[in-house]
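# Commentary on secondary and tertiary structure
Chain by chain, the residues:
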Amino acid sequence: MVNEKKLRISCNFFVLKPVVLSACAAILSFYFFCAVENYFNKFLISFIFILSFIIGFIFRKKKSCFIFTGLFIGSLAVLRLFFLSAEPFSLAELDKVESIRAELTGEAYPAGEKYYAASARLISFSYKNGAKFSARGNIKIFFPSELVLQNNAYGISSYKAGSRKEALTNFSKGVIFETAGRFGAKKNGLSPLAFFGDKSVPEFLGWRSAVLKLRAFLRFYLMRLLSGWGSAGALLLALLSANRDFLILPVSEAFKNAGLAHVLALSGMHVSLVSLTALQMGSIFGKKSLAIKFSLVSIILFVWFAGAAPSLNRALGMMILIIIGKSLGLQPPMISVLCTMLIFHIAVKPDEALSLGFMLSYGALAGILVFGSAVYDILNGKIPPKILGSFSASVGAQTFTAPIVISKIGVLAPIGIIASIVVSPLISAFLILGLAAIFISILFPFTGFIFSYLLNGFYDFIFFIIQIFALFPLMTADTFFDSLAFALLPFTAGIISMFYSDRKLKKRENLLK
């Protein structure tokens, strides 16, 4: 979990550091270009990219240089996104393609009720007459839901019907396969081409590497182990691997209505818990340096296993930056670390910057650091510190991300501020107990039913509390003006808190003079 006391900003809120300026310019220019991409093309973006570099170099000794540096990074990210989402390179005509060979570059996840979607890298195309063409590029592939769900329930044979070809039974990153279907229309220049697989079972062709094969096997083994633990296993699987296949709809809806949807998403909280557990285990060796190294290795393995979700990439990247800083004798403010990671993230993985998980992950932590710190300073001494830390962090995250939530989801759950304070510690305890249960159950399989009973009892208690919070009314934006009001009011309240906190800080400084 986030240690809110350590995240507080000790300097003036309105003294922006260069990296903060660059990060703000980068993310704002990136989203602006994406929003108006119909009016821009890659050549115009390239011109802005080159121009921002030249102007930034000319004014390199002035503060405006950092704004142009951000514009340079933002335009670079958009150019990379154009490249990643470009139409496939092939001599084949897409409307004549009957089947494709490809490699999954991400995990399959639910995309509505009918399909599971995954990112894939093309290898070749095939026509109905047997003609084959090599292909290169990235696509978004959609598998019929029943194929993936039957696979989870041991419903797919090892061989395709009527042949001796091996069937695809594991829809995990790194698998190479062939499937029949059709291409859909390309939505825009920044979205990959979509391919819709038909209901025939894809053919399994192999794995990209033995490491990815091992990862897929471990994820599959965990899914099968936890599927036998009922509702508690379903929640634990969602918390550890972002796989919600066994999480029933009423549970997901209860989390969302209670303002706790972020709990089900892999986030920095999970990384922090893994880090804390690894530190405690690593301390057995005696040396603190060994414990820190063991913790870092454990986090890297967890991110590798769980999948490179934007929030996990952010948490892992920030931890690496902090460790590098400490090794150099530096202690940069957390807001500078966050902004540095943001710049690096959108430059390397611009496609992730378009996801809701990316926006909420960076927005929530920025809210904790900026708005949450202001709330902490204002209420310090009026509320017990243990409660104040969680309360200020929750308020900061909720108010800063309100514009994102209302624009993407259309619903706000104000009770989430209180619900997060109550439920997050329980989820953390549930996750730690679940990790211990999995480890012991693998060593001693006969203990599985005992942990299943204990975890389900704990789960029932947590879900009962969540259902109570879910009864509180939601704020639904039915019109544009509703959306505007629900987005601006919380954010404006956060800015006012910053001004008030800054004023209090100046008064304290004057008294000390």
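Every chain begins its residue count from 1, and numbering advances along the sequence as written. It should be noted that, the model being predicted, local features are given only for residues of pLDDT at least 70 and side-chain atom pairs only at 80 or more, the latter also being counted only at that level, while totals for whole chains, interfaces and linings use all residues. Derived side-chain values reflect all non-hydrogen atoms in the structure, with water molecules and hydrogen atoms excluded from consideration.

## Considering the overall build of the protein chain
The criterion, for reference: Secondary structure counts use DSSP, requiring at least four H or I residues in a row for a helix and at least two E residues in a row for a strand, with both numbered from the N terminus. For every residue, the accessible area (1.4 Å probe, protein chains only) is compared with the maximum for its type, and the residue is labelled buried under 20%, exposed over 50%, or partly exposed between those bounds. When checking whether two residues touch, look at their non-hydrogen atoms; a contact exists if any pair is within 4.5 Å. Per-residue and other accessible areas follow the Shrake-Rupley method at a 1.4 Å probe size, with only the shown protein chains counted as cover for residues.
Scanning the protein chain from N- to C-terminus turns up 17 helices and 10 strands. A burial count over the protein chain gives 46% of its 513 residues as buried. Counting contacts in the protein chain only where the partners sit at least 6 residues apart, residues at least 24 apart contribute 71% of the total. Accessible area for the protein chain stands at about 26,600 Å²; split by element, carbon and sulfur atoms hold 68% of it.

## Section: the nonpolar core
Going by this rule: Nonpolar core, defined: a set of buried Ala, Val, Leu, Ile, Met, Phe, Trp, Tyr and Cys residues in which side-chain atoms within 4.5 Å join the residues together.
Counting residues in each nonpolar core, the largest one holds 48 residues, and the members touching the most others are Leu235, Leu236 and Phe430. Of all the elements, helix 16 (residues 448-470) adds the most residues to this core, at nine residues. Filtering out sequence-adjacent residues up to four positions away, Leu236 remains in contact with Leu226, Trp229, Phe430, Leu431, Gly434, Ile438 and Leu455. Grouped together as the second largest cluster of nonpolar side chains are 36 residues, Phe30, Leu342, Ala366 and Met498 included.

## A closer look at the pairing of strand 7 (residues 193-197)
In plain terms, the rule: Being paired, for any two strands, means DSSP has found at least two bridges between them.
With respect to burial, strand 7 is a largely interior element, four of its five residues being buried. As paired strands, strand 5 (residues 138-144) and strand 7 are joined by four bridges and run parallel to one another. If you follow Ile141 over to strand 7, its bridge partner there is Phe195.

## A word on the pattern of salt bridges
Worth spelling out the cut-off: Salt bridge, as used here: a side-chain nitrogen of Lys or Arg that lies within 4 Å of a carboxyl oxygen of Asp or Glu.
Across all of its chains, the model carries seven salt bridges by this definition. The partner of Glu93 in a salt bridge is Lys96, and the shortest N-O contact between them spans 3.5 Å. Note that Arg215 and Glu107 form a salt bridge whose closest N and O atoms lie 2.5 Å from each other. With Arg215 in helix 5 (residues 210-227) and Glu107 in the loop between strand 1 (97-104) and strand 2 (109-111), this residue pair connects regions lying 108 residues apart in the sequence. As far as burial versus exposure is concerned, Arg215 and Glu107 are alike and both buried. Members of the salt-bridge network, linked through shared partners, are Glu103, Arg121 and Arg208.

## A look at the packing of aromatic side chains
Note the cut-off: Two aromatic rings from Phe, Tyr or Trp, using only the six-membered ring of Trp, form a pair when their centres are within 6.5 Å; if the ring planes differ by under 30 degrees the pair is stacked, by over 60 it is edge-to-face, and anything between is tilted.
Applying the stated rule across the entire model yields 21 aromatic pairs. Taking the centre distance of 5.4 Å and the plane angle of 65 degrees together, the rings of Phe30 and Tyr31 count as edge-to-face. Given the relative accessible area of 0%, Phe30 is considered buried. Both rings, one in Tyr115 and one in Phe196, keep their centres 5.5 Å apart while their planes meet at 65 degrees; by these two values the pair is edge-to-face. Here Tyr115 is found in strand 3 (residues 115-127), whereas its partner Phe196 is found in strand 7, with 81 residues between them in sequence. Taking the relative accessible area as the measure of exposure, Tyr115 reaches 26% and is therefore partly exposed.

## A short note on helix 16
Heads up, the rule is: In a helix, the anticipated span is given by 1.5 Å times the number of residues less one.
In this model helix 16 runs 31 Å from its N-terminal to its C-terminal C-alpha over 23 residues, within 8% of the 33 Å that 1.5 Å per residue would give. Restricting attention to buried positions, one finds in helix 16 the residues Gly448, Phe451, Ser452, Leu455, Asn456, Tyr459, Ile462, Phe463, Ile465, Ile466, Phe469 and Ala470. In this fold, the buried residues of helix 16 make contact with helix 6 (230-241), helix 7 (249-257) and helix 15 (416-443).

## Side note on a nonpolar patch on the surface
What counts here: Each patch groups residues whose relative accessible area exceeds 30% and which form no salt bridge, using 9 Å between like charges and 5 Å between nonpolar side chains of Val, Leu, Ile, Met, Phe, Trp and Tyr.
On the surface, Ile50, Phe53, Ile54, Ile58 and Phe59 cluster together into a nonpolar patch covering about 480 Å² of accessible area. The residue Ile58 is located in helix 2 (residues 42-58) in this model. Owing to a relative accessible area of 55%, Ile58 belongs among the exposed residues under this scheme.

## Quick look at the packing of helix 5 against helix 6
To keep it simple, the criterion reads: Working convention: axes come from line fits to C-alpha atoms, limited for helices to the stretch in contact. Angles between N-to-C directions cover 0 to 180 degrees. Under this scheme an angle from 65 to 115 degrees is roughly perpendicular, one under 35 degrees roughly parallel, and one over 145 degrees roughly antiparallel; angles in between are oblique. Under the convention adopted here, Pro, Cys and the residues Ala, Val, Leu, Ile, Met, Phe, Trp and Tyr are nonpolar, Asp, Glu, Lys and Arg are charged, and Gly plus all remaining residues are polar.
It is the contact of helix 5 with helix 6, at a shortest axis distance of 8 Å, that shows an interaxial angle of 155 degrees. Comparing their axes, helix 6 and helix 5 come out roughly antiparallel. On helix 6, the residues touching Arg219, Leu222, Met223, Leu226 and Ser227 of helix 5 are Gly230, Gly233, Ala234, Leu236, Leu237, Leu240 and Ser241. A per-class count over the contact of helix 5 with helix 6 returns seven nonpolar, four polar and one charged.

## Focus: the side chain of Thr401
Note the following rule: Two N or O atoms form a polar contact when they lie within 3.5 Å of each other; inside protein one atom must be a possible hydrogen donor and the other a possible acceptor, and for residues adjacent in sequence the pair counts only when both atoms belong to side chains.
On the secondary structure map, Thr401 appears in helix 14 (residues 385-408). Only 2.6 Å separates the side chain of Thr401 from the backbone oxygen of Ala397, close enough to count as a polar contact.

## What about the packing of helix 2 against helix 3 (residues 64-84)?
Convention followed: We call a crossing left-handed when the near helix sits turned anticlockwise from the far one by less than a right angle, and right-handed when that turn is clockwise.
Following both chains from N to C, one finds helix 2 and helix 3 inclined at 155 degrees, their axes separated by 8 Å at the closest point. Regarding the angle of helix 2 to helix 3, the classification is roughly antiparallel. For the pair helix 2 and helix 3, the sense of crossing is left-handed. Side by side, helix 2 and helix 3 meet where Lys42, Ile45, Ser46, Ile48, Phe49, Ser52, Phe53, Ile55 and Gly56 of the first sit next to Cys65, Phe68, Leu71, Phe72, Ser75, Leu76, Val78, Leu79 and Phe82 of the second. Within the contact of helix 2 with helix 3, the residues separate by chemical class into 13 nonpolar, four polar and one charged.

## Points about the environment of Gly389
Looking at the secondary structure, you find Gly389 in helix 14. For Gly389, a relative accessible area of 4% puts it in the buried group.

## Some remarks on the confidence of the model for the protein chain
So the rule is basically this: Note: pLDDT gives the predictor's confidence per residue, expressed from 0 to 100.
With 88% of its residues at a pLDDT of at least 70, the protein chain reaches an overall mean of 82. Under a pLDDT of 50 for its full length, residues 1-15 has, in the predicted model, 36 contacts with residues more than four places off or in other chains. Every residue in residues 154-161 scores below 50 in pLDDT, and together they form 23 contacts with partners more than four places removed in sequence or on other chains.

## Focus: the state of the cysteines
Applied cut-off: Disulfide: a pair of cysteine sulfur atoms within 2.5 Å of each other.
The final tally for this structure, using the stated rule, is zero disulfides. Cys339 forms no disulfide, and the closest cysteine sulfur to it belongs to Cys24, at a distance of 5.9 Å.

## A word on helix 1 (residues 18-35)
Taking 1.5 Å of rise per residue, the 18 residues of helix 1 would be expected to cover 26 Å, and the 26 Å separating its terminal C-alpha atoms lies within 8% of that figure. Every buried residue of helix 1 is listed here: Val20, Leu21, Ser22, Ala23, Ala25, Ala26, Ile27, Ser29, Phe30, Phe33 and Cys34. On its buried side, helix 1 packs onto helix 2, helix 3, helix 12 (334-348) and helix 13 (356-379).

## Focus on the environment of Gly307
Here Gly307 shows up in the loop between helix 10 (288-306) and helix 11 (310-327). In this structure the C-alpha to C-alpha distance between Gly307 and Glu107, which are 200 residues apart in sequence, comes to 7.5 Å.

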